[in-house]
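Each chain, letter by letter, is given below.
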There are 2 protein chains.
Amino acid sequence: MTSLRIALCQINTTVGDLVGNTDLILRDLERAEAAGCDVAVFPEMTITGYPPEDLLLKPGFVRENAAQLDRIVEASKAKHCAAVVGFADGHPDVYNALAVVADGTVHGTYHKRHLPNYGVFDEKRTLREGDEPMKLYRIGGVNVGMSICEDAWIAGGPVPQVAAGGAQVVLNINGSPYRRGKVYDREQVLADRVSEGSCSIVYLNLVGAQDELIFDGGSMVVDDNGQVVHRSKQFVEDFAVVDVAVGDPEPIAEPYPIVDVTSEPVERSGETATASEWLDPLPELYEALLLATKDYLGKTGFTDVCLGLSGGIDSALVAAIAADALGPEHVHVVLMPSRFSSDHSVSDAEVLAQNFGVDHRTIAIEPGHAAFLEMLAPSFGDREANVTEENIQSRVRGVLLMALANKFGWLVLTTGNKSEAAVGYSTLYGDTAGAYACIKDVYKLDVYRLASYVNERHGREMIPESTITKPPSAELRPDQRDDQSLPPYEELDPLLEAYIEGDATVAELSERFDPEMVARITRLVDISEFKRRQTPLGARVTAKGFGRDRRLPIVNRFR
Amino acid sequence: MTSLRIALCQINTTVGDLVGNTDLILRDLERAEAAGCDVAVFPEMTITGYPPEDLLLKPGFVRENAAQLDRIVEASKAKHCAAVVGFADGHPDVYNALAVVADGTVHGTYHKRHLPNYGVFDEKRTLREGDEPMKLYRIGGVNVGMSICEDAWIAGGPVPQVAAGGAQVVLNINGSPYRRGKVYDREQVLADRVSEGSCSIVYLNLVGAQDELIFDGGSMVVDDNGQVVHRSKQFVEDFAVVDVAVGDPEPIAEPYPIVDVTSEPVERSGETATASEWLDPLPELYEALLLATKDYLGKTGFTDVCLGLSGGIDSALVAAIAADALGPEHVHVVLMPSRFSSDHSVSDAEVLAQNFGVDHRTIAIEPGHAAFLEMLAPSFGDREANVTEENIQSRVRGVLLMALANKFGWLVLTTGNKSEAAVGYSTLYGDTAGAYACIKDVYKLDVYRLASYVNERHGREMIPESTITKPPSAELRPDQRDDQSLPPYEELDPLLEAYIEGDATVAELSERFDPEMVARITRLVDISEFKRRQTPLGARVTAKGFGRDRRLPIVNRFR
């Protein structure tokens, strides 16, 4: 029984930062070499960042990514440790590729064979499917097969094929986006592949957020019995050294061609990683939202955020996420009471701001509110007040937040949740105005759960209990409450999930829910598409967010 | 020499309006039957509308579309004329299909073989490629082959294949989006296909706008010498009866299987269509913008629009488009002068409103402007005025327009052009606030050309000459002019086109343009992606608009 010493280099790349990403690769390659590793494995499209989208259509982008691969080749000279790095290969056809680099040369490349083109993925748009014959790489004396992300999700696909061709260990490099509980699906998929072909699988995932996607890390090693023998951390960079045990190579009738990289291991030093456990559901979701918010800020070059704090639960949760992700000194909350705001809302908001120790200020919106009513009076005449006047209040707040952000270089966080986004319970250019929507893919019932979790996590009542327990209200007219316009969230959220994530038809939904409610809510979801199309992106945490994975037309008469 | 009498049914379908689209099919099928046609041809995905996008992922949508096909089958009973209609076929795999319907039965289906997955197209996301053996249909005694859209763009593809298999006429049904001058590309492609296989091609295109796409119609018939013998109208529905001459079928070594539909023609009546000419470039572009605006309103259920009229050329052009597309009685313009507006801007705007006879009102923004400065004074202290205060003015205008639209049920048109959208010369939630951006894909130099064309078209100076000739300015501070922030549009527009449509790198651009300007402008384009992502959709008229055909990440460090 021998083993392959692998460095799982779960790094946080940034799309388009070719030099910076390569710097991270070189940093971890040094650490891997120092630990006596045979191979250092990096995430999918390491050099470009993932997903690069239409940047791949720019020939100059692909050229400059290839130039960075040269830096890695140069750094690999006189090292034992090989590097398996992701990059964009080729011109004019571009492949989602990995290179096996060692001792100053590229020993070979592998092109991803199965390109996902569903959900959030558009890989067939910019990439070509790999079709070259597969090879094995003898690394540290072990026969290693290569694969990229989706390749491992295909029953009978490249992973069992290369195992049948003689691979003792299969490396699988990933840019696999997070959704709640996905780590367990991945474990099952990898166990299924192992059951099809006798090999160990090293699953290396990207960590970090990119636009609406969160990559959760959670790299792992599955042995040839299908047991998970190593789990990397979730939602943070992680560098783990793992010795993957391998038996003697079995005799193969028709082995794949073997590329010799290194024939034996070298002296090993330092500790190997121990397998940790996955996070529980609520901490997992909260950590996802923290990483998403932190990376969106950091990767766009912002340090500080501002947001409107209403005294309600949504903005309370977003303030908590911002403070926990960025540090309270980088969070600026603004209370913007109107003639309709309740006293308890203002006091709840003040208590929360003090609990988190964030900068807060109060700007009453009455002067702006009154000015607009005055400017519009000649046009409106004696028409009754309606949603128009409610929207004006929300938009005055939006203008104030944007002005503060513009003046002080902050970024505005919006506070709407998925239930509201679904039914259009928001004001375009009002509460939807901002650059990043932290909880846009979190249903209202989960907002409540997360708010309670925040208090549990901090060990004290950071979010006032009254914020969590009072009936939700937009406070845009006297005595307004959400349940005057919407069903209770206990009924609404399951219906929304079945319609949005489940693509159920109205007829199917009407068998499970009140038909009148189904008709009304699905219509609201459909006609709100124009609103969602103008709202900021935000962290995707479900199987189908309102973003790149739900592409419905705005002009759409299907009901 | 015999002929096939074909009805080119260039109809304007609406995505998701399964019943309404089928009603249009039945209407034109009756007309075709009355004229003694052998076959009536309809555009791609006729029943669903095109492109249906992720509606195809809803099993109920595909089911209901199939039910509408049954209505057509029923209507075809006891008719001579066959119908070739597009629909979504199958479950769980869905195909972009056409059905050959006649005499109460579906004689066969054809599945699109080449699915575009680039530019504005995502067909591999929701559809499966056709792979069934091809067939011929004997219609009116003529051997007819079938194909769908992209199939005809493939050299050596389905069109020459089915011609080699015995087709005398190949029908090609399309949902081909407009871009400027594309009709000539299509003529060339069809001539190329004819040169590969001896057949006539009937190219039937959709007309109408869907979200950002414009389908321009312009259906045509190309004879077996590659000559265009019929051109349908552009940008309007058209019903054209064309007799396509065919020689005797040539003996074929291995003919495709033949499905008998009708063995002979019937008595013919009425006039056949005469070939018209394509529109000249400026009228073509203007008609495209009219159709786009009219359809966006009509298909979303709106009748009236409002927009801010600044006295500048962009809003003048949009007002003209709105008045010409919808009728002046449906257009409401709002002059919103500030403390920085010039007298000539106000008077130019008033003259234009009077020339077009549109409803107009003036709302000075000073009360709102002053109210915001007052509310923000405690936060801003004695900081210098900068772009923050400019944005406030623009956002006050946005709030006013939205309030009028909310109160009166209008739809707000935004007035930004492509040059501005490219470099982010706009205020989010200010001048970008609205539902539809008529000229978002029109570069500034073309805005000038179109404004002059509007006056030519109307035979008088509808847009004041001073609006066209004065230096462009946002008038957000004293004596502001565009050329203080941007290069002259004569330099800017060609650079933008090379960068956006051409995907040229900075290095490549620096060989053609001033390197300092290249560095500055490309950076502006890159960092403005977050703005564009929150702006309304609008008519796409170039080879690459800022929309579904340019998918660049917001978080992106590549420069």
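Residues numbered from 1 in each chain as written. Chains lettered and ligands numbered in written order. Predicted model: local features only at pLDDT ≥ 70, side-chain atom pairs only at ≥ 80, totals over all residues.

**Observations regarding the overall build of chain A**
Phase 1 of the analysis: Of regular secondary structure, chain A possesses 17 helices and 20 strands.
Phase 2 of the analysis: Taken over C-alpha atoms, the radius of gyration comes to 26 Å for chain A, in line with the 24 Å a tight globule of 559 residues would show.
Phase 3 of the analysis: Along the first, second and third principal axes, the C-alpha set of chain A runs to 85 × 50 × 45 Å.
Phase 4 of the analysis: Burial status across chain A gives 57% buried among its 559 residues.
Phase 5 of the analysis: Counting contacts in chain A only where the partners sit at least 6 residues apart, residues at least 24 apart contribute 74% of the total. (Helix = DSSP H or I, 4+ residues; strand = E, 2+ residues; numbered from the N terminus. Rg over C-alpha atoms; globule rule 2.2 N^0.38 Å. Buried ≥ 20, exposed ≤ 12 C-beta atoms within 10 Å, placed from the backbone. Contact = placed C-beta atoms within 7 Å.)

**Let's talk about the interface of chain B and chain A**
Phase 1 of the analysis: At the junction of the two partners, chain B supplies 67 residues and chain A supplies 67 residues.
Phase 2 of the analysis: Residue contributions to the side of chain B that touches chain A peak at 13 residues, all from helix α10 (residues 387–408) of chain B.
Phase 3 of the analysis: Broken down by class, the residue content of the side of chain B that touches chain A amounts to 32 nonpolar, 16 polar and 19 charged. (Nonpolar A, V, L, I, M, F, W, Y, C, P; charged D, E, K, R; others polar.)

**Let's talk about the relation of the copies chain B and chain A**
Phase 1 of the analysis: Superposing chain B onto chain A takes a rotation of 180° plus a shift of 0.0 Å along the axis, which leaves an RMSD of 0.0 Å. Classification of the inter-copy transformation places it as that of a two-fold axis. When C-alpha distances to the rotation axis are compared across chain B, the minimum falls at B:Q534, with a value of 2.1 Å.
Phase 2 of the analysis: Looking at the interface residues of chain B, 100% of them are also at the interface in chain A, so both copies use one shared face. (Least-squares fit on C-alpha atoms with pLDDT ≥ 70 in both.)

**Some thoughts on helix α12 (residues 444–458) of chain A**
Residue and element names in this part refer to chain A.
Phase 1 of the analysis: For α12, which comprises 15 residues, the first-to-last C-alpha distance of 21 Å matches the rise-based estimate of 21 Å (1.5 Å per residue) to within 8%.
Phase 2 of the analysis: K444, D446, V447, L450, A451, Y453 and V454 are the residues of α12 that are buried. Taken end-on, α12 shows its buried residues confined to a sector of 165°, consistent with a single buried face.
Phase 3 of the analysis: Those residues of α12 that are buried lie in contact with α6 (281–300), α7 (313–326), α11 (418–423), α13 (465–469) and α14 (489–500).
Phase 4 of the analysis: G459 sits one or two positions beyond α12 and adopts a positive phi of about 75°. (Expected span 1.5 Å × (residues − 1). Arc of directions from axis to C-beta.)

**Notes on the sheet that holds strand β12 (residues 220–222) of chain B**
Where strands meet in a sheet, backbone hydrogen bonds hold them as pairs that are either parallel or antiparallel.
Residue and element names in this part refer to chain B.
Phase 1 of the analysis: Read across the sheet, seven strands follow the order β13-β12-β9-β8-β7-β6-β15 without closing on themselves; strand pairing throughout is mixed. The open sheet has two edge strands, β13 (228–231) and β15 (258–260), and neither has a second partner. When the angles between neighbouring strand axes are averaged without regard to direction, this sheet yields 25°.
Phase 2 of the analysis: For strand β9 (residues 200–205) and β12, the ladder comprises three bridges, and the chain directions are antiparallel. Within the sheet, the bridge partner assigned to I201 lies in β12 and is V222.
Phase 3 of the analysis: In this fold helix α5 (residues 182–196) packs onto β9, β12 and β13, with an angle of close to 150° to the strand it touches most, β9. (Pairing = 2+ DSSP bridges. Axes fitted to C-alpha atoms, helices over the stretch in contact; angles between N-to-C directions.)

**Some remarks on unusual backbone geometry**
Residues and elements named next belong to chain A.
Phase 1 of the analysis: With an omega of -10°, the peptide bond between Y50 and P51 qualifies as cis.
Phase 2 of the analysis: We note that M45 has phi near 50°; this positive angle belongs to a residue other than glycine.
Phase 3 of the analysis: The residue M45 is located in the loop between β2 (39–41) and α2 (59–75) in this model.
Phase 4 of the analysis: With phi around 70°, F235 is a residue other than glycine that occupies positive phi space.

**Quick look at the domain arrangement of chain A**
All names here are of chain A.
Phase 1 of the analysis: Partitioning chain A into structural domains gives domain 1 (2–265) and domain 2 (282–482).
Phase 2 of the analysis: Counting residues at the interface gives nine residues for domain 1, matched by nine residues for domain 2.
Phase 3 of the analysis: Counting only elements with at least two residues in the side of domain 1 that touches domain 2, the list comes to β10 (207–210) and β11 (213–216).
Phase 4 of the analysis: Across the side of domain 1 that touches domain 2, the residue classes tally to four nonpolar, three polar and two charged. (Domains from an automatic or database assignment.)

**A short note on the sheet that holds strand β1 (residues 2–10) of chain A**
All names here are of chain A.
Phase 1 of the analysis: Taken in spatial order, the six strands line up as β5-β4-β3-β2-β1-β14 in an open sheet, and their pairing is mixed. What marks the edges here is a single partner per strand, and that holds for β5 (105–111) and β14 (238–246). Within the sheet, the average angular offset between the axes of one strand and its neighbour, ignoring direction, is 30°.
Phase 2 of the analysis: Contacts between helix α1 (residues 18–34) and the sheet are confined to β1, β2, β3 (82–89) and β14, with β1 contributing the most and set at about 150° to the helix.
Phase 3 of the analysis: On the sheet, α2 packs against β3, β4 (95–102) and β5 and is oriented at approximately 170° with respect to β3.

**Re the pairing of strand β3 (residues 82–89) of chain B**
Residues and elements named next belong to chain B.
Phase 1 of the analysis: The buried count for β3 comes to eight of eight residues, which makes it a mostly enclosed element.
Phase 2 of the analysis: In terms of strand pairing, strand β2 (residues 39–41) meets β3 through three bridges, oriented parallel. Each residue of the ladder has a partner; that of A40, found in β3, is A83.
Phase 3 of the analysis: Where β3 meets strand β4 (residues 95–102), seven bridges bridge the pair, whose relative direction is antiparallel. Bridging from a neighbouring strand, V84 pairs with V100 of β4.
Phase 4 of the analysis: From the end of β3 to the start of β4, which pair antiparallel, there are five residues, and G90 there has a positive phi angle of about 105°.

**A look at helix α6 (residues 281–300) of chain B**
Residue and element names in this part refer to chain B.
Phase 1 of the analysis: Helix length check: α6 (20 residues) gives 29 Å between terminal C-alpha atoms against 28 Å at 1.5 Å per residue, within 8%.
Phase 2 of the analysis: Taking burial as the measure, the 20 residues of α6 include 14 buried ones, the bulk of the element.
Phase 3 of the analysis: After α6 finishes, the residue G301 shows a positive phi value of roughly 90°.

**Quick word on the environment of B:D446**
Residue and element names in this part refer to chain B.
Phase 1 of the analysis: Topologically, D446 is positioned in helix α12 (residues 444–458).
Phase 2 of the analysis: Of the residues examined, D446 has 24 C-beta atoms within 10 Å and is grouped as buried.
Phase 3 of the analysis: When the C-alpha atoms of D446 and D131 are compared, they prove to be 44 Å apart, with 315 residues separating the residues in sequence.

**Topic: the pairing of β14(A)**
Walk down a regular strand and you will see the side chains alternate between the two sheet faces.
Residues and elements named next belong to chain A.
Phase 1 of the analysis: Most of β14 sits inside the fold, with seven of its nine residues counted as buried.
Phase 2 of the analysis: Here nine bridges tie β1 to β14, and the two strands are oriented antiparallel to one another. By the bridge assignment for β14, T2 is matched with V246.

**Things to note about the packing of α6(B) against helix α7 (residues 313–326) of chain B**
When two helices pack together, you describe them by how their axes are tilted relative to each other and by the distance separating the axes.
Residues and elements named next belong to chain B.
Phase 1 of the analysis: Remark: α6 packs on α7, axes separated minimally by 9 Å, with the N-to-C direction vectors making an angle of 65°. Classified by the interaxial angle, the pair formed by α6 and α7 is roughly perpendicular. Where α6 crosses over α7, the two elements pack in a sense that is right-handed. In this structure, α6 contributes L289, L290, T293, K294 and L297 to the contact, and α7 contributes I321, A322, D324, A325 and L326.
Phase 2 of the analysis: A per-class count over the contact of α6 with α7 returns seven nonpolar, one polar and two charged. (Parallel < 35°, antiparallel > 145°, perpendicular 65-115°, else oblique. Left-handed = near helix turned anticlockwise from the far one by under 90°.)

**Some thoughts on the environment of A:G270**
Residue and element names in this part refer to chain A.
Phase 1 of the analysis: Looking at the element boundaries, G270 is found in the loop between β15 (258–260) and α6.
Phase 2 of the analysis: For the pair formed by G270 and R138, sequence separation is 132 residues and the distance between their alpha carbons is 24 Å.
Phase 3 of the analysis: Leaving out residues up to four positions away in the same chain, G270 has contacts with A35 and V241.

**Points about the environment of A:G327**
Phase 1 of the analysis: In this fold, A:G327 is placed in the loop between α7 and β17 (331–335).
Phase 2 of the analysis: Counting along the chain gives 30 residues from A:G327 to A:G357, while the straight-line C-alpha distance between them is 9.6 Å.

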